[in-house]
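Structure assessment
Single-letter residue listing:
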Amino acid sequence: MAKEKYLVTSALPYANGDLHIGHIAGAYLPADIFVRFQKLLGNDVIYICGTDEHGAPISIKAEQENVPPRKIVDKYHKRIKSAFDGLDIQFENFSGTDRKVHYKLSQNFFSDLNKNGFIQTHTNEQLYCENCNRFLPDRYVEGECPFCHSEGARGDQCDSCGKLIDAIQLTNPLCITCRSTPIIRETTNWFLNLPKFSDKLQKWIESKTEWKDNVKKFILNWLKSGLKERAITRDLNWGIPVPTENTDGKVLYVWFEAPIGYISSTIEWSEKIGKPEKWRDYWFDKNTKLIHFIGKDNIPFHTIIWPAMLMGQDKKYILPDDVPANEYLNLEKNKISTSKNYAVWINEYLEEFSEIPLRYYLAANAPENKDTDFVWKEFQEKYNTDLANTFGNFVNRVLKFSDKHFEHTIPLPQKISNKNEEILTNISDIREKIKQLYQTFKVRKACKMIIDLARFGNQYFDNTIPWKTIKTDRKSTAEMMFICGEIIRNLAIVIYPIIPSSSKKLWKMLGFDKSILKYGWNGLSAKSDKPIIIQNIETLFEKIPDDLIERQVNKLKNLNNIPQKTSGKKIISFETFQKLDLRIAKIIAAEKVKKADKLLKLQISIGSITKQIIAGIAKNYSPKELIGKNILILNNLEPAIIKGEKSEAMLLAVVDGENLSLLIPEKEIPEGSKVL
Ligand SMILES: [Zn+2]
Ligand SMILES: [Zn+2]
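Residues numbered from 1 in each chain as written. Chains lettered and ligands numbered in written order. Predicted model: local features only at pLDDT ≥ 70, side-chain atom pairs only at ≥ 80, totals over all residues. Heavy atoms only, no water.

Attention shifts here to the packing of helix α12 (residues 355-364) against helix α13 (residues 376-405). Packed helices, taken two at a time, are described by the angle their axes make and the gap between the axes. For the pair α12 and α13, the least separation of the axes is 9 Å and the interaxial angle reads 95 degrees. As far as their axial angle goes, α13 and α12 are roughly perpendicular. Mapping the contact onto sequence places I356, P357, L358, Y360, Y361 and A364 in α12 and E378, F379, K382, Y383, D386 and L387 in α13. A class-by-class count of the residues in the contact of α12 with α13 yields nine nonpolar, no polar and three charged. (Axes fitted to C-alpha atoms, helices over the stretch in contact; angles between N-to-C directions. Helix = DSSP H or I, 4+ residues; strand = E, 2+ residues; numbered from the N terminus. Parallel < 35°, antiparallel > 145°, perpendicular 65-115°, else oblique. Contact = heavy atoms within 4.5 Å. Nonpolar A, V, L, I, M, F, W, Y, C, P; charged D, E, K, R; others polar.)

Take a look at the structure:
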């Protein structure tokens, strides 16, 4: 059979921060599993990636840390690569977009599109900081979201409602560097004329009958609502210069050049292996299947903009064959947030665990069709139950038993009963199904079938009671061991894409002379024709203890309790300030709260109404001395229940360590007066 050819990529991780479990579940582990599966089949496959090293977030971070952007990029490129290594995610090449080969290719892409009439210039209004003397693209500006009105929305997107924003739409925008209010100034940028590709894109997408529903639906909706021209340059100095005239201070927009990194990284790989033309075999050969693994936020770029860019080139690049985008992974029921540090960071994870439980859990719980949740307790349970208690236990019992009773081998039987032949047929059916699942990116189901097979093995071992039959019927016991051995041989290979290191360890115990990849999936189709010589039997999966998991859970809980971090220089608008209803209130009654030695229960009067407040001031004030005092309160705070008591407003005080003082107006002033 002719080899199939695959070029697999994962979204380029951004070189301004570390990787967390959400990234891995979305774009990297699924790709690594697919690639390893294709290698097992003996297909020609390369896995290409690299860091995305341009754009505003990196130059902003560099300015904040007062270092050149290159330094930020180098630091995170290294950290990201070591996280991938630790998780046994293996690329043919892991490049970066701040390299010469990528500059040249990206500029060529622009020039071809320009020459072929797909690029236009437009002058439009942009925010400009007069203090910093520069335009404020994307994240260089913050303000109030025009859609949901939350503070701190960035110039490209609002984190609260997720909507994409044009910086100029922000209410009360501020330069993030100097906090001054920007002005509006005209600038010229270069735009990709996407509408010119509409028909071609539509036809192409419609031919993709096999694509995931969520991906197809998204694109067809986008096409239906009409494509718009899209800016592909930015007024920034960190990035790839625009290769045409009058483009001082402008670079290619990071979204434009990043996907070109898939090609430049393949070129780099070709050069590294000493076959500088090899990349053409992949990018220009119609038989190559180009598969982009991404998270769902990347769908528009990989299914509309990127294919359009490829269509607009002089050279005939292949187009994506499939874009199996994944949904999101949440963490303990909350959205993962890098800015709030609410995540499981891979480098930290690897200090405490091996890659095996994470690879397994994220595969078994992959967000393939819907968002899924990472729960530490489930992570432990799933691994302990499926791998340690089921898979590992089965392997261990069989190998130990056969080792002891059959001279360190799993024997070949003299004949196989009909019932056992049926079992062997079943195993090969299951293997075929698992193969189909891997091929169609359904790893969750593949995991389940694999563990079901191991579970079946355990039951078979229990039901055939070899520890009894060995005393009376050695022949039939040998036959049972052979069946168990066949199950183990199959398990070792079908689990390889998910947890390759465990699979290799098991392979070693089975003593095959060919490596697992050479033996491959096809090696499974025939029955074993010689006894398996059992090597050193090791525990395949060590159980994860409770205390290790509790530590992780507590780490997150502690994070949760930290009030939202503010940068210290966060400025709120006058409008926001006006939303605070600060008033003077009179304390009319006060008493201690039972079983809470810090809390007092106060009745306060604010003009015509009275409210109850629970305040943590019992160590500083006695109930008696409080009665009759005029204090400052926040009147329109959301009510809360504290120690079973309702609290309907908040008392304001100044605190310095143990010291606490209420804020009391300097002059007589009627209760209910508003603070202005
Ligand atoms: Zn918003
Ligand atoms: Zn500024």
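This part takes up the pairing of strand β9 (residues 183-192). Here strand β4 (residues 119-129) runs beside β9; their pairing, made up of ten bridges, is antiparallel. The residue of β9 that forms the bridge with T123 is T188. Two elements, β9 and strand β10 (residues 230-231), share two bridges in a ladder whose sense is antiparallel. When the bridges of β10 are listed, L192 appears paired with R230. (Pairing = 2+ DSSP bridges.)

Domain boundaries assigned for the protein chain yield domain 1 (380-533) and domain 2 (580-662). The straight-line distance from the C-alpha centre of domain 1 to that of domain 2 is 68 Å. (Domains from an automatic or database assignment.)

With that out of the way, let us pick up the pairing of strand β13 (residues 288-293). By the criterion of burial, β13 is predominantly enclosed, with five of the six residues buried. Relative to strand β14 (residues 320-322), β13 runs parallel, the two sharing two bridges. Bridging across to β14, L290 finds its partner in P320. Taking the sense of rotation as the criterion, the β-α-β connection linking β13, helix α10 (residues 299-311) and β14 turns out right-handed. (Buried < 20%, exposed > 50% of the residue type's maximum accessible area, 1.4 Å probe, protein only. Right-handed = clockwise from strand over helix to strand, strands pointing away.)

Strands sit in the order β7-β6-β8 across an open sheet of three strands; the sheet is antiparallel. Two strands lie at the open edges of the sheet, namely β7 (153-154) and β8 (171-175), each paired on one side alone. Examined bridge by bridge, strand β6 (residues 141-144) and β8 share three bridges and lie antiparallel to one another. From the neighbouring strand, E144 faces β8, where its bridge partner is T171.

So, about the confidence of the model for the protein chain. On average, residues of the protein chain score 92 in pLDDT, and 98% of them are at 70 or above. In the model, residues 561-570 has pLDDT below 50 throughout and makes six contacts with residues more than four positions away in sequence or in other chains. (pLDDT = per-residue confidence, 0-100.)

So, about the side chain of N420. With respect to the helices and strands, the residue N420 is situated in helix α14 (residues 418-439). According to the relative accessible area criterion, N420 is buried, its value standing at 9%. Beyond its immediate sequence surroundings of up to four residues, N420 is in contact with Y460, E479 and I483.

What follows is about a nonpolar patch on the surface. A surface patch of nonpolar side chains, amounting to about 290 Å² of accessible area, comprises F574, F577 and L580. Position of F574 among the secondary structure elements: in helix α21 (residues 574-578). Judged by relative accessible area, F574 falls into the exposed class, the value being 59%. (Patch = residues over 30% accessible without salt bridge, like charges linked within 9 Å, V, L, I, M, F, W, Y side chains within 5 Å. Areas by Shrake-Rupley, 256 points an atom, 1.4 Å probe, with all protein chains shown as cover. Salt bridge = Lys/Arg side-chain N within 4 Å of Asp/Glu carboxyl O.)

Here we come to the coordination of the zinc ion (ligand 2). Surrounding the zinc ion (ligand 2) are the protein donor atoms C129 (SG), C132 (SG), C175 (SG) and C178 (SG), which sit 2.2 to 2.3 Å from the metal. Metal-centred angles of 102 to 114 degrees between the four donor atoms at the zinc ion (ligand 2) mark the site as tetrahedral. All donors of the zinc ion (ligand 2) come from a single chain, and their spacing in sequence reads C-x2-C-x42-C-x2-C. Classification of C175 as buried rests on a relative accessible area of 0%. (Donors = N, O, S within 2.8 Å, 3.2 Å for Na, K, Ca; no water. Tetrahedral: all angles 85-135°; square planar, octahedral: opposite > 155°, others 65-115°.)

What the rule picks out here adds up to 37 salt bridges. Among the ionic pairs, K250 bridges to D235, the shortest N-O distance being 2.6 Å. Placement of the pair is K250 in strand β12 (residues 250-252) and D235 in strand β11 (residues 233-235), with a sequence separation of 15 residues.

Strands sit in the order β3-β2-β1-β13-β14 across an open sheet of five strands; the sheet is parallel. Sheet topology places β3 (93-96) and β14 at the edges, where each strand pairs with a single neighbour. Pairs of neighbouring strands in the sheet enclose a mean axial angle of 35 degrees, with direction left out of account. The pairing of strand β1 (residues 5-10) with strand β2 (residues 44-51) spans five bridges and is parallel. Residue pairing for β2: K5 is matched across the bridge by D44. Packed onto the sheet, helix α3 (residues 69-86) meets β2 and β3 and runs at close to 165 degrees relative to β3.

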